[in-house]
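# A look at the structure
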Amino acid sequence: MLFYSFFKTLVGQPVTVELKNDLAITGVLVSVDQFLNIKLDNIKVVDEERYPHMLAVKNCFIRGSVVRYVQLPAPSVDTALLQDAARRERQQPAAGARK
């Protein structure tokens, strides 16, 4: 849930999503769900010569399982806050865990 919560704070920010098939798409993050499916608006393909068929596409929905990387704007990332949240999440007992 840590990444889901973090990505929710980035709605409205420009991001670049690299897919497992080497397609990289830059756009404005519209929404993200608990499966890390991503919706982008105002998209542009990073390598337009390799993917000319994507020039006409203006928005897209990306299934979370096909994402390789998400590049974020540096000012939007608070590493101290992420580290603190990761520590707190690790210390919480897992739901449904046996004692």
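Residues numbered from 1 in each chain as written. Predicted model: local features only at pLDDT ≥ 70, side-chain atom pairs only at ≥ 80, totals over all residues. Heavy atoms only, no water.

## Re the overall build of the protein
- Helix and strand content of the protein: two helices and five strands.
- Seen in sequence order, the protein has helices and strands lined up from the N terminus as α-β-β-β-β-β-α.
- Since a compact globule built from 99 residues should have a radius of gyration of about 13 Å, the 16 Å found for the protein marks it as more spread out than a globular shape.
- With respect to the principal axes defined by its C-alpha atoms, the protein has extents near 55 × 30 × 20 Å.
- Excluding contacts between residues fewer than 6 apart, the proportion of contacts in the protein whose partners are at least 24 apart in sequence is 47%.
- Of the charged side chains in the protein, 13 are positive and 10 negative; the average position of the first set lies 10 Å away from that of the second. (Helix = DSSP H or I, 4+ residues; strand = E, 2+ residues; numbered from the N terminus. Rg over C-alpha atoms; globule rule 2.2 N^0.38 Å. Contact = heavy atoms within 4.5 Å. Lys, Arg positive; Asp, Glu negative; His and termini not counted. Charge placed at Lys NZ, Arg CZ, Asp CG, Glu CD.)

## Focus: the sheet that holds strand β2 (residues 24-32)
- Pairing is antiparallel in the open sheet, where five strands are placed in the order β4-β3-β2-β1-β5. What marks the edges here is a single partner per strand, and that holds for β4 (59-62) and β5 (67-71). On average, adjacent strands in this sheet sit at an angle of 40° to one another, irrespective of strand direction. (Pairing = 2+ DSSP bridges. Axes fitted to C-alpha atoms, helices over the stretch in contact; angles between N-to-C directions.)

## Topic: the UniProt feature "domain: Sm" (unreviewed entry) in the protein
- Under the UniProt annotation, the feature "domain: Sm" (unreviewed entry) is placed at residues 2-76.
- With 9% helix and 43% strand, residues 2-76 has end C-alpha atoms that lie 16 Å from one another. (UniProt positions renumbered as here; feature names shortened; annotations may be inferred.)

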